[in-house]
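Observations on chain architecture
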Amino acid sequence: MHQALRRGPSFSPVGAAQPSRPAGLRKRWLAAGVFAVLVALVAGVSLGPVSLPPGSVAIELLNLLPGVRLESGLTEREIAIVTELRLPRVVLGLLVGGLLALAGGAYQGVFRNPLADPYLLGVAAGAGLAVTVMLTLGVGAGGALSGLPITIPLAAFVGSLGAVGMTYLLGAAGGRSRSPATLILAGVAVSAFLSAGQTYLLQRHADSIQQVYSWLLGRLATAGWQDVRLVLPYFLLTSLVILLFRRELDVLSVGDDEAASLGLHPQRSRYLLIAAASLGTAAAVSASGLIGFVGIIVPHTVRLLAGSSYRVILPLSLLFGGAFLALTDVVARTAAAPQEIPIGVVTALLGGPFFVLVLRTARRVLT
């Protein structure tokens, strides 16, 4: 068992075998991930319509720690901008980005498919359809998670589980084997079906089109700490389960028969990981709308740079995914200031070319 856990997964970032890097590299990459989160935190709070000195912002953030009281030089108005307006949005971006990247890495390991992510497998579309149903019915009219904070994420969870179940079953319709190409095509078909359902609902409820579409394009706008408090329990639960099972993903990469011979229950572990990843996706989608490609860009970049073991990929994806989305949000709200670009548009502009590159280099896996 312990020997198998030292093996890397069966595909590299581009679909070819690649040995795991030395374990000593993980500490440096972990430090790099924490540093990226801190940079994203300070940059996200500093940049905006009212620019604030990064040094003063960093000092003010330190003042939030118990027992710390330093002079930042910011006025009371600027302190309010930091703590009540920008910081909740940046923290929400860190949580959502971490969830999407972590879920993407988990799906890639579960399905042994380098192209799997919440968006392509239809999971985000399933959660999106469920939340669209709730919004068109008038539930949570004040925001994705406001109004009825428990019902909205639970509906998104049910929708995401239904979508991944449909993709999984459709991918196995031609036999017991689920090839990467079949799985991706099944995810595209399921996404198209669920998107048709969304379109039908919007036609029947034209008064909700603007609200739903602003949510579908993805955004991190928040009116305070409420959304952060609502997403945080899902973030903690999802991260705990997936990170605890990251070793099992390395074992699953050698195949179900080999994993079972090593004492692992492949289906039980697979279903638990799918449920945890779907829960995280549901929470992220209900809070921020449909933000694509994070689950492909971040895990693949981590796999390329830091190593191919899921003991490395998943923790680093959590950190770099949060930093990536928080920094992307900075671009979204400053590139066309004073107007704001939907963050889903920015991630699509970045993720589209990246996905084409991964698809071309992984073509041998898809045949």
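The preceding data block contains the structure.
Within each chain, residues carry numbers counting from 1 in the order of the written sequence. Residue-level local features of this predicted model are given only where pLDDT is at least 70; pairs of side-chain atoms are given and counted only at 80 or more, and the full residue set underlies all totals for whole chains, interfaces and linings. Water and hydrogen atoms were dropped before computing side-chain values, which therefore reflect all heavy atoms in the structure.

**Focus on unusual backbone geometry**
- Residues other than glycine seldom take positive phi values, yet Phe293 does so here, at roughly 75°.
- Positionally, Phe293 belongs in the loop between α12 (266–288) and α13 (294–306).
- We classify Phe293 as buried; its relative accessible area is 18%. Going along the chain from the N terminus, every DSSP run of H or I of four or more residues is numbered as a helix, and every run of E of two or more is numbered as a strand. The buried label goes to any residue with under 20% of its type's maximum accessible area, the exposed label to any with over 50%, and the partly exposed label to all in between, with areas taken from a 1.4 Å probe on protein chains only.

**Some remarks on α12**
- A helix is expected to span 1.5 Å multiplied by its residue count minus one. The terminal C-alpha atoms of α12, which comprises 23 residues, lie 32 Å apart, in line with the 33 Å expected from a rise of 1.5 Å per residue.
- The buried fraction of α12 is high, at 18 of 23 residues.
- Gly289 sits one or two residues past α12 and shows a positive phi near 85°.

**Details of the environment of Ser317**
- On the secondary structure map, Ser317 appears in helix α14 (residues 310–334).
- Judged by relative accessible area, Ser317 falls into the buried class, the value being 0%.
- Residues Ser317 and Ala103, 214 residues apart in the sequence, show an inter-C-alpha distance of 9.1 Å.
- By definition, residues are in contact when any of their heavy atoms lie within 4.5 Å. Apart from the residues lying within four places of it in its own chain, the contact partners of Ser317 are Ala101, Val298, Pro299, Val302 and Gly322.

**Thoughts on the packing of aromatic side chains**
- Any Phe, Tyr or Trp ring, taking Trp's six-membered ring, that has another such ring centre within 6.5 Å forms a pair; planes under 30 degrees apart are called stacked, those over 60 apart edge-to-face, and the others tilted. Per the counting criterion, the structure on display carries two aromatic pairs.
- Ring geometry for Trp29 and Phe320: centres 6.3 Å apart, planes at 70°, overall edge-to-face. With Trp29 in helix α2 (residues 25–46) and Phe320 in helix α14, this residue pair connects regions lying 291 residues apart in the sequence.
- A relative accessible area of 25% places Trp29 in the partly exposed class.
- Pairing Tyr107 with Phe111 gives two aromatic rings, centres 6.2 Å apart and planes at 25°, and the pair type is stacked.
- A relative accessible area of 1% means that Tyr107 is categorised as buried.
- For Phe111, a relative accessible area of 9% corresponds to the buried category.

**Side note on the nonpolar core**
- Nonpolar core, defined: a set of buried Ala, Val, Leu, Ile, Met, Phe, Trp, Tyr and Cys residues in which side-chain atoms within 4.5 Å join the residues together. Ranked by size, the top nonpolar core spans 93 residues in total, and within it Val96, Tyr107, Phe111, Ile242 and Val294 carry the most contacts.
- Considering every element that reaches this core, the biggest residue donor is helix α4 (residues 76–110), with 17 residues.
- Setting aside residues no more than four positions away along its own chain, Ile242 makes contact with Leu102, Ala106, Leu273, Ala276, Ala277 and Leu314.
- Ranked by size, the runner-up nonpolar core spans six residues in total, among them Ala125, Leu129, Leu194 and Leu201.

**Some remarks on the packing of helix α9 (residues 226–244) against α14**
- Angles shown run from 0 to 180 degrees and are taken between the N-to-C directions of axes, each axis being a line fitted to C-alpha atoms and, for helices, limited to the stretch in contact. Direction vectors running N to C along α9 and α14 enclose 160°, while the axes themselves pass 10 Å from each other. Taken together, the axes of α9 and α14 lie roughly antiparallel to each other. Residues Phe235, Ser239, Ile242 and Leu243 of α9 lie in contact with α14, whose contacting residues are Leu314, Pro315 and Leu318.
- Grouping the amino acids of the contact of α9 with α14 by side-chain chemistry returns six nonpolar, one polar and no charged. For this classification, under 35 degrees means roughly parallel, over 145 means roughly antiparallel, 65 to 115 means roughly perpendicular, and everything else is oblique. Basically, the charged four are Asp, Glu, Lys and Arg, the nonpolar ten are Ala, Val, Leu, Ile, Met, Phe, Trp, Tyr, Cys and Pro, and anything else, Gly included, counts as polar.

**Here's the deal with the packing of helix α5 (residues 123–136) against helix α8 (residues 209–216)**
- Contact geometry of α5 with α8 gives a least axis separation of 10 Å together with a crossing angle of 155°. For the element pair α5 / α8, the angle class is roughly antiparallel. Crossing handedness for the pair α5 and α8: right-handed. Residues Gly128, Val131, Thr132, Leu135 and Thr136 of α5 form the contact with α8, whose participating residues are Gln211, Val212, Trp215 and Leu216.
- Within the contact of α5 with α8, the residues separate by chemical class into five nonpolar, four polar and no charged. It is the rotation of the near helix from the far one that decides the hand of a crossing: anticlockwise by less than a right angle makes it left-handed, clockwise makes it right-handed.

**Examining the pattern of salt bridges**
- A carboxyl oxygen of Asp or Glu within 4 Å of a side-chain nitrogen of Lys or Arg is what we treat as a salt bridge. Scanning all chains against the criterion turns up four salt bridges.
- As a salt-bridge pair, Arg89 and Glu340 come within 2.4 Å of each other at their nearest N and O atoms. Note that Arg89 is positioned in helix α4 and Glu340 in the loop between α14 and α15 (343–361), a separation of 251 residues in sequence.
- A residue is classified by how much of its surface remains accessible, and Arg89, at 12% relative accessible area, is buried.
- A salt bridge links Arg311 to Asp250, with the nearest nitrogen and oxygen atoms 3.6 Å apart. Of this pair, Arg311 sits in helix α14 while Asp250 sits in helix α10 (residues 246–252), placing them 61 residues apart in sequence.
- Here Arg311 falls in the buried class, since its relative accessible area comes to 18%.
- Several salt bridges converge on common partners, so that one network encompasses Arg89, Asp329, Arg333 and Glu340.

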